[in-house]
Amino acid sequence: VLWVAPMPLRAQKVVWVVWKTVNAWACADVLLFVLLIAVFQLGLFAQEIVGDKCSLLDLLLQQYTPYKTCFDVKMNLEPGAWVLFSSLAATVLAAVLIRRE
């Protein structure tokens, strides 16, 4: 809107402030960062929370079942996740390029 529509300077400043406020609430970069961290660190984080509280149960599980632990978290990326990641990265890049003054 700022590039295409002819507006007086005061209206341009109002649109600029509104855009910066909306952009601050968008948080696409934060979503991208959190999803990547969750994929790579969620299992370790869960193991730290559980700690050694499952040790006795783990021994029983290893003897009588094919499972090695009582609690495990695995997170996999589906093929569609890369579409999400690339679109979020493109959104962040576009916002950075548009903001250049």
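This structure is a prediction, so every number in the text was calculated from the model and none was measured. (Residues numbered from 1 in each chain as written. Predicted model: local features only at pLDDT ≥ 70, side-chain atom pairs only at ≥ 80, totals over all residues. Heavy atoms only, no water.)

### Here's the deal with the confidence of the model for the protein
- In this model, the protein carries a mean pLDDT of 81, and residues with pLDDT of at least 70 account for 93%.
- Per-residue pLDDT, averaged within each element of the protein, yields its smallest value for helix 1 (residues 9-26) (80) and its largest for helix 3 (residues 55-64) (88). (pLDDT = per-residue confidence, 0-100. Helix = DSSP H or I, 4+ residues; strand = E, 2+ residues; numbered from the N terminus.)

### With respect to the packing of aromatic side chains
- Scanning the entire structure with this criterion turns up one aromatic pair.
- Between tryptophan 82 and phenylalanine 85 the ring centres are 5.5 Å apart and the planes differ by 75°, which places this aromatic pair in the edge-to-face class. One end of the pair, tryptophan 82, and the other, phenylalanine 85, are both in helix 4 (residues 79-99), three residues apart, so they sit about a helical turn from each other.
- A residue is classified by how much of its surface remains accessible, and phenylalanine 85, at 7% relative accessible area, is buried. (Phe/Tyr/Trp six-rings, centres within 6.5 Å; stacked < 30°, edge-to-face > 60°. Buried < 20%, exposed > 50% of the residue type's maximum accessible area, 1.4 Å probe, protein only.)

### What about the state of the cysteines?
- For the structure shown, the criterion picks out one disulfide.
- A sulfur-sulfur separation of 1.9 Å characterises the disulfide bridge that pairs cysteine 54 with cysteine 70. One disulfide, between cysteine 54 and cysteine 70, carries an S-S torsion of 80° and so falls in the right-handed class. Here cysteine 54 is found in the loop between helix 2 (28-50) and helix 3, whereas its partner cysteine 70 is found in the loop between helix 3 and helix 4, with 16 residues between them in sequence. (Disulfide = S-S within 2.5 Å.)

### Quick word on the pattern of salt bridges
- According to the stated counting rule, one finds one salt bridge in the structure shown.
- Two residues, aspartate 72 and lysine 74, come together in a salt bridge whose shortest N-O distance is 4.0 Å.
- Aspartate 72 sits in the partly exposed class, given a relative accessible area of 45%. (Salt bridge = Lys/Arg side-chain N within 4 Å of Asp/Glu carboxyl O.)

### So, helix 2
- Between its first and last C-alpha atoms helix 2 spans 31 Å; for 23 residues at 1.5 Å apiece the expected length is 33 Å, and the two agree.
- Along its length, helix 2 shows its largest kink, about 60°, at glutamine 41.
- The set of residues buried in helix 2 consists of Ala28, Leu32, Val39, Ala46 and Val50.
- Just downstream of helix 2, glycine 51 is the residue with a positive phi angle, here 65°. (Expected span 1.5 Å × (residues − 1). Bend = angle between axes of the 7 residues up to and from the residue.)

### Points about the layout of surface pockets
- Of the pockets and cavities examined, the second largest pocket occupies roughly 180 Å³.
- The set of elements that each furnish at least two residues to the lining of the second largest pocket consists of helix 1, helix 2 and helix 4.
- Element by element, the count of residues in the lining of the second largest pocket is highest for helix 4, at four residues.
- When the residues that make up the lining of the second largest pocket are grouped by side-chain class, the tally is seven nonpolar, two polar and two charged. (1 Å grid on protein atoms, 1.4 Å probe; cavity = no way out; pocket = protein on both sides within 12 Å on 5 of 7 lines; lining within 4 Å. Points joined across faces, edges and corners; volume = space filled by probe spheres on them. Nonpolar A, V, L, I, M, F, W, Y, C, P; charged D, E, K, R; others polar.)

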